[in-house]
Amino acid sequence: MQINAKTTLLSAAIALTLAGTVQAQEQVVKIAHVGPITGPVAHVGKDNENGARMAIDDLNAKHLVIGGRQIKFVLQAEDDGSDPKQATSVAQKLVDAKVAGVVGHLQSGTSIPASKIYFDAGIPQISPSATSAKYTEQGFNTTFRVVANDAQLGAAMGRYAAKTLHAKKVAVIDDRTAYGQGLATEFLKDAKANGVDIVATQYTNDRATDFSAILTAVKAKQPDLIFFGGIDASAGTMLRQMRQLGITAKFMGGDAICTGALPRLAGEGLQDDQVYCAIAGGVENQAPLDAFKAAYKQKYQADIVQYAPYTYDAVMLMAKAMQEADSVDPKKYLPKLSKIRYTGVTGKIAFDDKGDIRNGTLSIYTFRNGQQTLLSLTR
């Protein structure tokens with residue numbers, strides 16, 4: 001009995017030692033996601049966060065070994081509330097937490113100020129949705145995005161308004177955010193270049209809910225089309241008020257209004273073939289994206305809002321760069337990230353010298369029967 005007891009104790013000690021060795025070999029790697037989980041675009045921010053969580057779960061299911069150690073990825077999710085000051089506070093928090101990389105922020109107005117903090121710390125940042133050209137024009141080698149920028153988006157919409165919709169008189173409204181103002185500026189350039197007459201320019205903010213004064217002034221100019229640089233929550237309210245005022249002009253905007261939530265937000269203000277919008281992304285091979293959408297719905301019991309697939313790809317390609325570098329150290333995998341060649345659910349991803357996606361695809365949509373309908377893909 002004494003021998004057996006000693007043997008049992010010895011076996012238990014060996015098992016504990018081995019378990020401790022295995023545990024010591026596992027390395028926890030924190031990847032952050034930042035977006036607005038509160039505020040008017042919280043539904044888009046949460047959608048992106050969900051995409052990031054799916055990627056983390058899929059990576060952990062692969063039991064990746066990097067640098068000789070099994071990696072356990074952990075998502076550190078933070079809320080920037082769509083506020084630049086809160087965004088910089090969150091960015092510093094993530095630097096202090098020693099995250100290996102950041103996916104986000106959702107908006108240009110939060111991504112741009114936060115990017116300086118990540119750059120100073122040497123932490124890679126990939127935005128799945130920020131489109132302002134300024135974001136990648138700062139000269140930061142840590143800054144990337146997986147969608148096309150406002151210059152491409154605005155230009156495509158300016159051409160589409162003139163050549164496809166044959167708009168002659170256009171009114172432009174923007175919400176004065178980095179995103180809304182930047183997009184409207186780019187639209188104006190190409191619309192004018194294509195012979196469109198800009199009959200009115202008006203301004204609001206991203207928290208406004210009463211657009212009656214602006215719309216009344218616009219109505220007097222009798223535009224064929226109203227271009228709005230702003231978010232879907234504002235656009236939905238604006239469309240309702242346009243109908244109340246008897247404005248029948250077509251309505252156009254960028255990716256921030258081109259969401260699955262717009263029909264709900266606009267209600268009876270959304271008519272078939274009235275709204276045209278462009279997303280700074282597009283998928284030529286639908287099969288991987290359709291599979292992602294099905295998996296997302298099964299996991300969250302909801303359809304994607306907009307950029308969850310791009311967030312998913314951003315996390316996955318960050319992990320791919322770590323694998324190629326055989327290191328989770330940002331300083332070591334950053335050079336691999338800048339030269340990455342990756343095919344994800346949103347298509348092929350590679351970056352230019354600024355960190356912009358190469359050959360970014362744009363998708364132009366309208367809404368019919370309360371559903372997004374793809375009209376064209378362009379570059």
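Enquirer: Mind showing me how you'd approach the pairing of strand β9 (residues 225-229) here?
Expert: In regular strands, side chains alternate between the two faces of the sheet. The buried fraction of β9 is high, at 5 of 5 residues. Of the two faces of β9, the one holding L225, F227 and G229 and the one holding I226 and F228 are both buried throughout. Relative to β9, strand β7 (residues 169-174) runs parallel, the two sharing 5 bridges. Following the sheet pairing, D174 is matched in β9 by G229. Here β9 pairs with strand β10 (residues 250-253) via 4 bridges, running parallel. Following the sheet pairing, F228 is matched in β10 by G253.

Enquirer: Just checking my understanding: could you explain the state of the cysteines for this structure?
Expert: Chemically, a disulfide is nothing more than a covalent bond linking the sulfur atoms of two cysteines. A full pass over the atoms with the stated rule returns 1 disulfide. The disulfide partner of C258 is C277, and the S-S distance across this bridge is 2.2 Å. Its S-S torsion of approximately 55 degrees makes the covalent link between C258 and C277 right-handed. Of this pair, C258 sits in the loop between β10 and α9 (262-266) while C277 sits in strand β11 (residues 275-279), and the two are 19 residues apart along the sequence. The pair formed by C258 and C277 is uniform in burial state, with each residue classed as buried.

Enquirer: So what exactly am I meant to see when it comes to the side chain of T142 here?
Expert: One can find T142 in the loop between β5 (125-127) and β6 (143-145). Apart from residues no more than four positions distant in its own chain, T142 is found in contact with Y118, F119, G122, I123, P124, Q125 and L334.

Enquirer: What should I look at first to understand the pairing of strand β14 (residues 362-368) in this one?
Expert: The buried count for β14 comes to 6 of 7 residues, which makes it a mostly enclosed element. Bridge analysis of β14 against strand β15 (residues 371-378) gives 7 bridges, and the strand direction is antiparallel. What sits directly across from L362, in β15, is T378. Turn length for the β14-β15 hairpin, with the two strands adjacent in sequence and antiparallel, is 2 residues, and the turn residue N369 shows positive phi of about 55 degrees.

Enquirer: Can you walk me through the packing of aromatic side chains in this structure?
Expert: By convention here, two paired aromatic rings are described through the distance between centres and the angle between planes. Applying the stated criterion across every chain, the model contains 9 aromatic pairs. The interplanar angle of 45 degrees and the centroid separation of 6.1 Å between the aromatic rings of F292 and Y296 together place this pair among those described as tilted. Of this pair, F292 and Y296 both sit in helix α10 (residues 286-300), 4 residues apart, which is roughly one turn of that helix. Of the residues examined, Y296 reaches a relative accessible area of 3% and is grouped as buried.

Enquirer: Would you mind showing me how to read the nonpolar core here?
Expert: The tendency in soluble globular proteins is for nonpolar side chains to be buried side by side. F73, F187, F227, F251, M252 and M322 are the most contacted members of the largest nonpolar core, which totals 104 residues. Discounting residues that sit within four places of it in the chain, F73 has contacts with V29, I31, I56, L59, N60, L64, A319 and M322. If you look at the next biggest cluster of nonpolar residues, it comprises 13 residues, including A97, A114, Y118 and I123.

Enquirer: Can you walk me through the pattern of salt bridges in this structure?
Expert: What the rule picks out here adds up to 11 salt bridges. For the salt bridge of E49 with R53, the shortest nitrogen-to-oxygen distance reads 3.2 Å. Of this pair, E49 and R53 both sit in helix α2 (residues 42-61), 4 residues apart, roughly one helical turn. For E49, a relative accessible area of 5% gives the class buried. Each of K46, E49 and R53 takes part in salt bridges that share partners, so that together they form one network.

Enquirer: Help me out: how do you make sense of the sheet that holds β14 in this one?
Expert: Sheets are built from strands paired through backbone hydrogen bonds, the pairs being either parallel or antiparallel. Taking strand neighbours across the sheet as the criterion, the 7 strands line up as β8-β7-β9-β10-β11-β14-β15 in an open arrangement whose pairing is mixed. Sheet topology places β8 (197-203) and β15 at the edges, where each strand pairs with a single neighbour. Pairwise comparison of adjacent strand axes, ignoring direction, gives a mean angle of 25 degrees for this sheet. Alignment of β7 against β8, held across 6 bridges, turns out to be parallel. Considered in β8, the bridge of D174 is made with Y203.

Enquirer: Whenever I open this one, the side chain of D255 confuses me. Can you help?
Expert: Residue position: D255 is located in the loop between β10 and α9. Buried charge D255 goes without a salt bridge, the closest partner of opposite sign being R145 at 8.9 Å. Reaching out from D255, the side chain makes a polar contact with the side chain of Y179 at a distance of 2.6 Å. When near neighbours in sequence (up to four residues on either side) are disregarded, D255 contacts S129, T131, L153, Y179, A278, I279, A280, Q306 and Y307.

The rules we used
Residues numbered from 1 in each chain as written. Predicted model: local features only at pLDDT ≥ 70, side-chain atom pairs only at ≥ 80, totals over all residues. Heavy atoms only, no water. Buried < 20%, exposed > 50% of the residue type's maximum accessible area, 1.4 Å probe, protein only. Helix = DSSP H or I, 4+ residues; strand = E, 2+ residues; numbered from the N terminus. Pairing = 2+ DSSP bridges. Disulfide = S-S within 2.5 Å. Contact = heavy atoms within 4.5 Å. Phe/Tyr/Trp six-rings, centres within 6.5 Å; stacked < 30°, edge-to-face > 60°. Core = buried A, V, L, I, M, F, W, Y, C linked by side-chain atoms within 4.5 Å. Salt bridge = Lys/Arg side-chain N within 4 Å of Asp/Glu carboxyl O. Axes fitted to C-alpha atoms, helices over the stretch in contact; angles between N-to-C directions. Lys, Arg positive; Asp, Glu negative; His and termini not counted. Polar contact = N/O pair within 3.5 Å; in protein donor to acceptor, adjacent residues only side chain to side chain.

Distances and angles like these do not, on their own, reveal function.
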